[in-house]
Structures are given as structure tokens and as C-alpha cells.
Amino acid sequence: MSAAETKSPVHTPAVTAKQVTFGTIKVDDLNIAYREAGDPNAPKLVLLHGFPSSSHQYRNLIQALSGRFHVIAPDYQGFGNSDVPDPATYAYTFDGISETMEKFLAAKGFDHFGLFVQDYGGPVGFRIVGRHPELLDWLIIQNSNAYEEGFTPAWDGFRGALWKNRSPETEKPLAAFLTRDAIKSIYLHGATHPELISPDNWESDYGFMQRPGAVRLNLDLFYDYRKNVELYPVWQKFLRERHPKTIIFWGQDDVFFTPQGGEAFKKDLPNAEIHRLAGGHFAVEDNLDYIASNMIRFYNANVAKKR
């Protein structure tokens with residue numbers, strides 16, 4: 001065989017710690033999907049997603065943080081690539097999601113961690129650390145509400161109708177939030193650089209919304225959200241008494257949450273660092289580098305040196 005005919009060896013790629021990997025584990029008899037990256041010996045960081053997304057919303061943030069943290073982002077049951085039990089026989093509640101996510105984190109060995117919460121991530125995460133405050137090393141809040149003044153008029157149909165009397169008539173206007181155009185607008189509303197926001201976001205979210213039971217489970221959670229508001233005083237007390245090291249990133253033009261909602265955290269966390277962003281609900285999309293770099297700086301300066 002001539003030299004020209006000699007075959008080069010087959011390249012076998014290696015998975016590095018900074019690459020994002022995908023997996024599922026069984027929790028409460030459900031397959032819970034997740035994204036993960038970073039050295040397992042690095043400080044642990046949990047990213048809890050919001051409506052109407054999944055861990056997909058953190059695809060770029062995970063990569064940006066993987067050099068400093070061991071990062072994990074699960075999909076709640078009913079969202080993303082996790083199982084979608086039939087809402088006719090399975091109760092979709094924030095209590096239930098938080099319990100499943102707590103078991104998921106324990107199964108993955110996340111026995112203490114930084115917690116990044118956005119939108120639904122707050123109601124899920126605050127329940128977990130409220131039950132087990134020893135889990136929380138530090139807190140990152142991005143457009144996740146815990147104060148009455150945080151609600152925009154987008155909530156009027158929830159607070160003034162659905163939560164008072166759930167019926168097909170009060171559900172119908174809110175089902176509009178589950179359409180493709182509405183989901184797209186949630187991503188683009190308030191974005192300073194919409195050209196940075198991938199259409200894969202809303203196409204993916206809307207695609208998942210087409211699965212059997214998806215609309216019903218989201219309406220169930222819309223109704224259950226009223227219980228989050230009832231817990232606001234409990235979460236505020238937790239923050240006030242535990243005073244976790246906290247950095248806040250708040251998109252100032254969020255369709256769901258007012259700028260005042262971000263400022264309100266300072267009442268109970270006067271030492272929190274707050275960053276007011278020209279952005280909307282999913283501010284990480286067009287403020288990625290700023291958020292990632294400031295998270296790393298904040299951790300190094302305020303958390304790592306204290307441990």
C-alpha cells in the first residue's frame with residue numbers, strides 16, 4: 001500500500017468539562033431531563049427556568065459559566081424534554097414541581113449550591129430552600145417576582161378573574177399566552193437587541209406546547225400561581241432572616257414584572273447587588289456576557305472568600 005493510500009487514524013472526540021451534556025434521570029417515576037456542564041469539583045450552581053421555556057433558555061449561560069461552576073439546569077415535569085404526565089390524572093402544582101426538583105438535585109449530588117431563579121424558578125426555588133435553607137450558598141434573581149408591586153397589567157386576567165373563579169370563560173383569554181405569537185412576544189418585548197434572540201426559543205417552546213395535555217397543564221399552573229402570591233410574605237421573611245448573598249439582574253421592560261418588582265427585593269435584602277438591564281423577561285438572551293461576567297465576579301468577591 002502506498003503512502004497516499006494509508007488511512008489516517010479515526011478521531012475520537014473527548015468530552016471536556018466545559019461542554020454541555022444532556023441526560024435524564026428517573027425521579028418520582030418521571031424522566032427528568034437536564035443540561036449540565038463544568039468540573040464536578042467546582043462550586044455548584046442550579047439554574048431554574050421560567051415560563052414558557054425549559055433548560056433551553058440557559059443553553060448559552062451554562063456554557064458561559066462552565067469554566068467557573070458545576071452547572072445544572074433541569075426541565076420541570078411537563079416542560080422541555082422531561083416527561084409530561086397526563087394532567088387529567090396528575091396534579092401540576094408549584095408544590096409538586098418543587099418536590100420533584102428537590103429530589104432531582106439530591107439524586108445529582110447537589111447538596112449545596114448557588115441558585116439562579118427566573119420567573120417560575122422563584123416559586124420552585126424558594127420552596128426548596130425554604131424547606132432546606134442549608135442548601136443555599138448564594139442567590140441570583142432574574143425577573144422572578146416575590147412582591148405585590150411586581151405585577152404588570154398582564155396579570156389582570158389572572159388576578160381579577162381566573163384566580164377568583166376558574167371556568168372555561170376565565171381560562172379562555174389566558175390561553176392566548178400559549179400561542180406561538182404570544183410566546184414570541186414574551187422573548188422580544190423589551191429586548192434592546194432582538195437580533196441576538198434566536199427564533200429557536202419560541203419555535204421550541206411552541207413545539208412543546210403542541211404535546212397532548214400541554215395547554216391544560218399550563219392552565220393548571222396559571223391557576224396554581226395564586227398560591228405563590230400567598231407565600232410572598234413567607235419568602236420575604238426567609239430573605240430578611242437568612243440574608244443570602246444575592247445579586248439581582250432585572251430586565252426593565254418585562255411584559256410580566258415591573259421594575260418596581262426588582263427594586264422591592266432591596267427591602268428585605270438591603271445588601272443585595274442589583275443590575276438594572278435594558279431588556280425584557282428573558283434578559284439573558286441579549287445581556288448574556290454582562291450577566292455571566294458579573295455572576296463570576298460577584299461569586300469570587302462575596303461568596304468564595306467567605307466559605
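In this report, we go over the structure that sits alongside the text.

Conventions we followed
Residues numbered from 1 in each chain as written. Predicted model: local features only at pLDDT ≥ 70, side-chain atom pairs only at ≥ 80, totals over all residues. Heavy atoms only, no water. Helix = DSSP H or I, 4+ residues; strand = E, 2+ residues; numbered from the N terminus. Rg over C-alpha atoms; globule rule 2.2 N^0.38 Å. Buried < 20%, exposed > 50% of the residue type's maximum accessible area, 1.4 Å probe, protein only. Contact = heavy atoms within 4.5 Å. Areas by Shrake-Rupley, 256 points an atom, 1.4 Å probe, with all protein chains shown as cover. Lys, Arg positive; Asp, Glu negative; His and termini not counted. Charge placed at Lys NZ, Arg CZ, Asp CG, Glu CD. Pairing = 2+ DSSP bridges. Expected span 1.5 Å × (residues − 1). Phe/Tyr/Trp six-rings, centres within 6.5 Å; stacked < 30°, edge-to-face > 60°. Lys NZ or Arg CZ within 6 Å of the ring centre and 35° of its normal. Polar contact = N/O pair within 3.5 Å; in protein donor to acceptor, adjacent residues only side chain to side chain. Axes fitted to C-alpha atoms, helices over the stretch in contact; angles between N-to-C directions. Arc of directions from axis to C-beta.

1. Examining the overall build of the chain
Next, step 1: The helix and strand inventory of the chain stands at eleven helices and eight strands.
Next, step 2: The C-alpha atoms of the chain give 20 Å as radius of gyration, which agrees with the globular expectation for 307 residues (19 Å, within 12%).
Next, step 3: Judged by the C-alpha coordinates and their principal axes, the chain covers about 80 × 45 × 40 Å.
Next, step 4: In the chain, which comprises 307 residues, the proportion classed as buried is 54%.
Next, step 5: A separation threshold of at least 6 residues defines the contact pool for the chain, and within that pool the share at least 24 residues apart is 76%.
Next, step 6: Of the roughly 13400 Å² that the chain leaves accessible, carbon and sulfur atoms contribute 53%.
Next, step 7: Between the averaged position of the 32 positive side-chain charges in the chain and that of its 37 negative side-chain charges there is a distance of 5 Å.

2. Examining the pairing of strand β1 (residues 21-27)
Next, step 1: Pairing of β1 with strand β2 (residues 30-37), which is carried by seven bridges, proceeds in the antiparallel orientation. Paired with T24 across the bridge in β2 is A33.
Next, step 2: Where β1 hands over to β2, the hairpin turn is made up of two residues, of which D28 adopts a positive phi near 50°.

3. A few points about helix α2 (residues 94-107)
Next, step 1: Here α2 spans 20 Å end to end across 14 residues, near enough to the 20 Å set by a 1.5 Å rise per residue.
Next, step 2: Where α2 is concerned, the buried positions are F94, G96, I97, S98, T100, M101, F104 and L105.

4. A look at the packing of aromatic side chains
Next, step 1: The final tally for this structure, using the stated rule, is 34 aromatic pairs.
Next, step 2: Centre to centre, the rings of Y147 and F265 are 5.0 Å apart; their planes meet at 80°, and the pair counts as edge-to-face. Of this pair, Y147 sits in the loop between β6 (136-142) and α4 (156-162) while F265 sits in helix α10 (residues 265-268), placing them 118 residues apart in sequence.
Next, step 3: Positioned over the ring face of F110 is K44, at 4.8 Å from the centre of the ring.
Next, step 4: Across the ring face of F69, the terminal group of R68 is positioned such that the distance to the ring centre comes to 5.8 Å.

5. Considerations on the side chain of T170
Next, step 1: The topology assignment puts T170 in helix α5 (residues 168-175).
Next, step 2: Within the structure, the side chain of T170 is placed 2.8 Å from the backbone oxygen of N165, a separation counted as a polar contact.
Next, step 3: At 2.9 Å, the side chain of T170 and the backbone nitrogen of S167 are in polar contact.
Next, step 4: Apart from residues lying up to four places away in sequence, T170 is in contact with A161, L162 and N165.

6. What about the side chain of N143?
Next, step 1: Its place among the elements puts N143 in the loop between β6 and α4.
Next, step 2: Since its relative accessible area comes to 0%, N143 is described here as buried.
Next, step 3: Engagement of the side chain of N143 in a polar contact is seen with the side chain of Q142, the distance being 2.9 Å.
Next, step 4: In contact with N143, other than residues within four places in its own chain, are Q118, D119, F249, W250, G251, D254, F257, G280 and H281.

7. Some remarks on the environment of K18
Next, step 1: Summarising the element assignment, K18 is placed in the segment before β1.
Next, step 2: Sequence spacing of K18 and R297 is 279 residues, and the spatial spacing of their C-alpha atoms is 18 Å.
Next, step 3: If near-sequence neighbours (up to four positions away) are discounted, K18 is found in contact with A37, Q63, S66 and G67.

8. What to know about the sheet that holds β1
Next, step 1: Strand order in the open sheet made by the eight strands is β1-β2-β4-β3-β5-β6-β7-β8, with mixed pairing throughout. Both edges of this open sheet fall to β1 and β8 (273-277), since each of them pairs with a single strand only. Here the average twist between neighbouring strands, direction ignored, is 20°.
Next, step 2: Of the pairings in the sheet, the one linking β2 to strand β4 (residues 70-74) comprises four bridges and is antiparallel in character. Bridge pairing in β4 links E36 to I72.
Next, step 3: Relative to β1, α2 is tilted by about 115°, and along the sheet it contacts β1, β2, β3 (44-48), β4 and β5 (113-118).
Next, step 4: Relative to the sheet, helix α11 (residues 288-303) contacts β3, β5, β6, β7 (246-251) and β8, its axis offset from that of β7 by approximately 165°.

9. Describing α5
Next, step 1: Of all the residues in α5, the buried ones are T170, E171 and L174. All buried residues of α5 fall inside an arc of 95° around its axis, so they share one side. Structural note: α5 exposes P168, E169, K172 and P173 on the side pointing more than 90 degrees away from its buried face.
Next, step 2: Residues of α5 that are buried sit in contact with α4 and α8 (214-242).

Remember that the coordinates give geometry; whether it matters functionally is a separate question.
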